[in-house]
Amino acid sequence: MHVKRTDPEHVGEEIHELIERLYPICRSITGNGVRETLSILQQYIALEVHEVPTGTEVFDWVVPKEWNIRDAYIKDGKGRRIVDFHNSNLHVVSYSVPVHERMGLSRLKAHLFSLPEHPDWIPYKTSYYDETWGFCLSHNQLLALEEGEYEVCIDSELSDGSLTYGEYFLPGKRTDEVLIYSHICHPSLCNDNLSGVVIATYLAAWLRDQPRRYSYRFVFAPGTIGSITWLCRNEERLEYIRHGLVLALLGDSGKFTYKQSRSGNEEIDRILAHTLRHSGCDYSVEAFSPYGYDERQFCSPGINLPVGRLTRTPEGRYPEYHTSGDNLDFVRVGSLAESFSVCRDAIMAIESNACYLSNNPKCEPHLGRRGLYRKRGGDSDFAGMEMALLWVLNLSDGNHSLLDIAERSGMPLWEIASAVDELLLVGLLRACEGA
Amino acid sequence: MHVKRTDPEHVGEEIHELIERLYPICRSITGNGVRETLSILQQYIALEVHEVPTGTEVFDWVVPKEWNIRDAYIKDGKGRRIVDFHNSNLHVVSYSVPVHERMGLSRLKAHLFSLPEHPDWIPYKTSYYDETWGFCLSHNQLLALEEGEYEVCIDSELSDGSLTYGEYFLPGKRTDEVLIYSHICHPSLCNDNLSGVVIATYLAAWLRDQPRRYSYRFVFAPGTIGSITWLCRNEERLEYIRHGLVLALLGDSGKFTYKQSRSGNEEIDRILAHTLRHSGCDYSVEAFSPYGYDERQFCSPGINLPVGRLTRTPEGRYPEYHTSGDNLDFVRVGSLAESFSVCRDAIMAIESNACYLSNNPKCEPHLGRRGLYRKRGGDSDFAGMEMALLWVLNLSDGNHSLLDIAERSGMPLWEIASAVDELLLVGLLRACEGA
Amino acid sequence: MHVKRTDPEHVGEEIHELIERLYPICRSITGNGVRETLSILQQYIALEVHEVPTGTEVFDWVVPKEWNIRDAYIKDGKGRRIVDFHNSNLHVVSYSVPVHERMGLSRLKAHLFSLPEHPDWIPYKTSYYDETWGFCLSHNQLLALEEGEYEVCIDSELSDGSLTYGEYFLPGKRTDEVLIYSHICHPSLCNDNLSGVVIATYLAAWLRDQPRRYSYRFVFAPGTIGSITWLCRNEERLEYIRHGLVLALLGDSGKFTYKQSRSGNEEIDRILAHTLRHSGCDYSVEAFSPYGYDERQFCSPGINLPVGRLTRTPEGRYPEYHTSGDNLDFVRVGSLAESFSVCRDAIMAIESNACYLSNNPKCEPHLGRRGLYRKRGGDSDFAGMEMALLWVLNLSDGNHSLLDIAERSGMPLWEIASAVDELLLVGLLRACEGA
């Protein structure tokens, strides 16, 4: 096992190292790149790998042909590879059909994509559902192309195969589940979404060694078609999902952005807002909208799961998004460590957000004789643990969860949870049934 | 028929022309001025005219005697008409009893009303329920009066007759109705309320040629006693009123003011707020209060209809209010056109605010193969029609009207309605039953 | 009877005079100081005095031994009383056990308390539930102590006796009760809480001579153990408590602070917010928190009464709090008068917040023929009593209390209540059943 430690100082470095390992692989929504990626993750967590054949109907969609690629290039008149897939797998529009032809510049240009506003970066393009081919290149490369004949080659294969995804299940005391989902379909892009994939992996490895009230299910699958496929195959299991989180774009240096579930008032929404509020990090909370990552599917009207999404800067709002600028330098060790911590704290909040009942609900219990209250009266300051004890006792009436108490008191959930532990110890509190 | 066109460039001019035609008529809460006004409106829309006899009990009120006036003047010692009803019908306090006497200045002054703070304007005064007589004149006129004897004449008649109102009904697919109400009782005042009366007339003429989900009822009646009379005579029909709007003061150059219904959270309240928010015009929304125009009656506790009120600057908040300053110059062609547009957009919003159900609620349907989605992936921008399609699909679960979707997406209702049309066309959506 | 008058100009002085009388008495949670205090209050209101024996179990607590003290001092080597209980009863830690010993300075210092940041003030300390002894003194006194032997004497007694509290009941038309509670356990401190105790006494004396819809119960008892004891002995009566108010710290010159009940949306919370909003005084409203005075017990989960708390500056937020600085100069005549007025207005609001029904709910009734409306129409101003009449008529549908109407109209409750009186007089309104 590769997870040596999860202390915040080192976990960021470890996460970055695993991203480095996965970075060169050419992933897409299907194909060997996904398989290779999952097999590396299996060295960290005991992922189960699923294959769903091409042609399988999944709700309104069909699992597409499998796409694999060995080589691709554009050669100039002198036979020099001026665009080479082996330099960057972003050079090829994902799902390009095979081509091997000679053509003039003007015909070629209809298949070329660049970013004039960022002339050194290669854009990332896909064409999953429209059979065509194309190359992406930096705008400077494009401008340097001279008139003449070019040899164009994409040595790819689009054929019946399967869609591959990985799943890792950790049972807890309850059959109720927490779902963690990361899309795994992007090629050499670090923030989108090796950051999400690797942080989910590290969360799973950490959680494996913790006592768990809930069961947890981690899914690593391609965007859109992957979540649609997974939802279709697991429809009868969805009723057990109590909370869900899509993890993506967690390595840049921007502030956190939590995107709420469809209703906006699920427990997961309050948990993430609370965790971020007490994280010491900059963050914002945004309402659900139907564009984005796989929350689109989890929050579709007929599925309607309580699933939110945590990113740092959201999709499309940083210039490196979907370009070769989203590279190993773009994802920061410190950001990754901080993102891991916030996710772990959110899971700890999910775990501790239960409901308790005071055993002495009529007036305050006499905390002093139980050693839980100052001996001398008259002082004008009052705060900290004594205050947490009073809040827990006051609101433990069966109608308030620990998160309710934390929010009403303005204290972090973990302080409230510590007070609960003290009160359980002296018999002043009991857990609500079913908690 | 006089409605030639309703394009925004010309409708303002046409509305102003009709106001010019109605301006000289001496209207009051009863009498021939109302009849003459309604007969001119009948040249535009096929109004039904109702007469309710003096003495008819209407809830806590009684239809008063009918008031008519032929002439009125104050002559000075030399026999010159120094105040003349034929110069302005505002000179006579409405419902003045007949008088023909000679009197000194001091006795006369007890019957004179002026506005010291606006010395050139004649105020507008009424005395419907207290039998007396009076003259209104500019403060400069008042100051110019010299000691001496005056001949005072009001050639009016207060006698059994009837209260007159007009009603225009446009049936729609549903028996549910939308009520549009304008008070018609003011004499030569343009903004209050020829602006409301004429815009309602033009809305009715436009709507006559549109397909209609709802039925529409336009009522032109005097303020207070008119709406009380109409409500009393139509009590059994009130249950069909789904939305209502009082239209008044729509020609000045001030910003729009929507006054909410009694509950403040009726669909009409949300429709008007939405329409104004996306109108590009300045506006404010005010809570219901029990003073104002006929919304007082529609929103009384035992009637309690979902009726709001649209004006520009509300009553009493512009200096020309209830004075001769509210004249043909005070109402602007541009303001009238803009008011017409906002009212028409509000009606269109009422018409399109239905509820739909997605036929593919589980995950997103595959929009790409229906030609409703971009072919190439990876671009970082996403907006407009595709976004509207996703919002409609996501929220069409039977619990969200199009207005809900528009408000949640931040898009105008008409864009949402266009997306609905596209989705209906490809069979991805169906109307909720009863919509 | 000592309550001569309650007009605002003099009531502040009278309240201050009674505080002066009660100031020298050494009160604690039990003992003769409380008895003496209650017997003085009995000269104002016919308080019933209750004695609850030491050892009585009250919920999770036990009534403690009774504490009394005759003398206490520290004498220096020359026999001079350098700290003397007869100079200030704050010099002795409340509930100190008897001691009479000679000791060196360092042993003595472990029993001494002072305030370095306020070197002239004596702090106030207690040790109710930990048997020890101690002296409080000014920091300047402490610094002046020289090495040497001291004679230390506390002539106190801690023995079986009882806890004493006073109760005053005023029956009203309803058996429903309003509870007013003030803690009476503090020694020579004026704001905390002779201010609350004396204002409650004056409210009771005033209310005795008023017609009352509700019954009122005034309780004067020690903090914490007093309210716990009272609640335990009156458990079967708690269901009649409709509103409650803890009164404390009402004499300083700070702004008012209303602390809400546990739910924060009880009628008492709205009554106090409304009264303060229209009081012309500075104020703030704070959410409930489980630390403070006896609202802690009234708002414990198993008691959960609609009890709020009114203070000026809350506990611990002014430097004089729990020190000898909280003396007769610290409580101001003007503040006491203002606090009395606000409390009285709150009680008047409680009394008048009933629910009425319009007898003419369909459209407005014709106010003009009942002399309740202006005779002449057309004026542009409209406000005051006519507006209050319209608001009452519009919202008297059985779903709105007078407070609802006051808040929605923005008018003070007393103006709304006057309009109600006018409408009752002309038969346009009737009280809801059970009001």
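Rules and cut-offs
- Residues numbered from 1 in each chain as written.
- Chains lettered and ligands numbered in written order.
- Predicted model: local features only at pLDDT ≥ 70, side-chain atom pairs only at ≥ 80, totals over all residues.
- Helix = DSSP H or I, 4+ residues; strand = E, 2+ residues; numbered from the N terminus.
- Buried ≥ 20, exposed ≤ 12 C-beta atoms within 10 Å, placed from the backbone.
- Contact = placed C-beta atoms within 7 Å.
- Least-squares fit on C-alpha atoms with pLDDT ≥ 70 in both.
- Nonpolar A, V, L, I, M, F, W, Y, C, P; charged D, E, K, R; others polar.
- Pairing = 2+ DSSP bridges.
- Axes fitted to C-alpha atoms, helices over the stretch in contact; angles between N-to-C directions.
- Parallel < 35°, antiparallel > 145°, perpendicular 65-115°, else oblique.
- Domains from an automatic or database assignment.
- pLDDT = per-residue confidence, 0-100.

Some points on the overall build of chain A
Here is step 1 of the chain: For chain A, the count of helices and strands is 12 helices and 19 strands.
Here is step 2 of the chain: The principal-axis extent of the C-alpha atoms belonging to chain A is close to 90 × 45 × 40 Å.
Here is step 3 of the chain: Counting all 435 residues of chain A, 49% fall into the buried class.
Here is step 4 of the chain: Pairs at least 24 residues apart make up 80% of the contacts formed inside chain A by residues separated by at least 6 positions.

Brief notes about the relation of the copies chain A and chain B
Here is step 1 of the chain: Mapping chain A onto chain B calls for a rotation angle of 120 degrees and an axial translation of 0.0 Å; the resulting RMSD is 0.1 Å. Put plainly, the chains are arranged around a three-fold axis. Residues of chain A ranked by C-alpha distance from the rotation axis are headed by Asn265(A), positioned 12 Å from it.

Examining the interface of chain A and chain B
Here is step 1 of the chain: Contact with chain A, which involves 24 residues of that partner, is made by 23 residues of chain B.
Here is step 2 of the chain: Listing elements by their share of the side of chain A that touches chain B, those giving two or more residues are α6 (225-233) and α8 (295-298) of chain A.
Here is step 3 of the chain: Residue composition of the side of chain A that touches chain B, by class: 13 nonpolar, seven polar and four charged.

Observations concerning the sheet that holds strand β5 (residues 81-84) of chain B
Residue and element names in this part refer to chain B.
Here is step 1 of the chain: On the basis of which strands lie adjacent, the open sheet formed by four strands has the order β5-β4-β9-β6 and antiparallel pairing. Two strands close off the open sheet at either side, each with one partner strand: β5 and β6 (99-104). Neighbour-to-neighbour, the strand axes of this sheet turn through a mean angle of 20 degrees, independent of strand direction.
Here is step 2 of the chain: Here three bridges tie strand β4 (residues 66-75) to β5, and the two strands are oriented antiparallel to one another. By the bridge assignment, Ile 74 is partnered in β5 with Val 83.

Describing unusual backbone geometry
Here is step 1 of the chain: Omega for the bond connecting Asp192(A) with Asn193(A) falls within 30 degrees of zero, at 15 degrees, which places this linkage in the cis form.
Here is step 2 of the chain: Topologically, Asn193(A) is positioned in helix α5 (residues 190-208).
Here is step 3 of the chain: Even without being a glycine, Tyr95(B) presents a positive backbone phi close to 75 degrees.
Here is step 4 of the chain: Here Tyr95(B) falls in the buried class, since 26 other C-beta atoms lie within 10 Å of it.

Details of the interface of chain B and chain C
Here is step 1 of the chain: Facing the 24 residues of chain B at the interface are 23 residues of chain C.
Here is step 2 of the chain: Where the side of chain B that touches chain C is concerned, the elements lending two or more residues are α6 (225-233) and α8 (295-298) of chain B.
Here is step 3 of the chain: In the side of chain B that touches chain C, the residues fall into 13 nonpolar, seven polar and four charged.

Regarding the sheet that holds strand β17 (residues 355-358) of chain A
Residues and elements named next belong to chain A.
Here is step 1 of the chain: Strand order in the open sheet formed by three strands is β18-β17-β19, with antiparallel pairing between adjacent strands. The open sheet is flanked by β18 (397-401) and β19 (429-431), the only strands paired with a single partner. Sheet twist, expressed as the mean angle between neighbouring strand axes with direction ignored, is 35 degrees.

A look at the packing of helix α10 (residues 384-395) of chain C against helix α12 (residues 413-425) of chain C
Residues and elements named next belong to chain C.
Here is step 1 of the chain: Here α10 crosses α12 at 75 degrees, and the two axes come no closer than 9 Å. In terms of orientation, α10 lies roughly perpendicular with respect to α12. Here Met 385, Ala 388, Leu 389, Trp 391, Val 392 and Leu 393 of α10 lie close against α12, whose contacting residues are Glu 415, Ile 416, Ser 418, Ala 419, Val 420, Glu 422 and Leu 423.
Here is step 2 of the chain: The class makeup of the residues in the contact of α10 with α12 is 10 nonpolar, one polar and two charged.

Quick notes on the domain arrangement of chain A
Here is step 1 of the chain: Partitioning chain A into domains gives domain 1 (8-64 + 162-352), domain 2 (68-159) and domain 3 (356-431).
Here is step 2 of the chain: Look at where the C-alpha atoms of domain 2 of chain A and domain 3 of chain A centre, and you get two points 65 Å apart.

Some remarks on the pairing of strand β10 (residues 162-170) of chain C
Here is step 1 of the chain: Where strand β1 (residues 48-53) of chain C lies against β10(C), six bridges are found, and the strand directions are antiparallel. Looking at the pairing, Glu51(C) lines up with Thr164(C) of β10(C).

Here we look at the environment of Glu14(B)
Residues and elements named next belong to chain B.
Here is step 1 of the chain: Along the chain, the position of Glu 14 falls in helix α1 (residues 8-22).
Here is step 2 of the chain: Since 21 C-beta atoms lie within 10 Å of it, Glu 14 is described here as buried.
Here is step 3 of the chain: For the pair Glu 14 and Tyr 202, spaced 188 residues apart in sequence, the C-alpha to C-alpha distance is 9.2 Å.

A few points about the confidence of the model for chain A
Residues and elements named next belong to chain A.
Here is step 1 of the chain: Of all residues in chain A, 97% attain a pLDDT of 70 or more, and the chain-wide mean is 95.
Here is step 2 of the chain: The model gives residues 1-5 a pLDDT under 50, and that stretch makes six contacts with residues more than four places away or in other chains.
Here is step 3 of the chain: Quick note on the complex model: pTM equals 0.93, ipTM equals 0.94.

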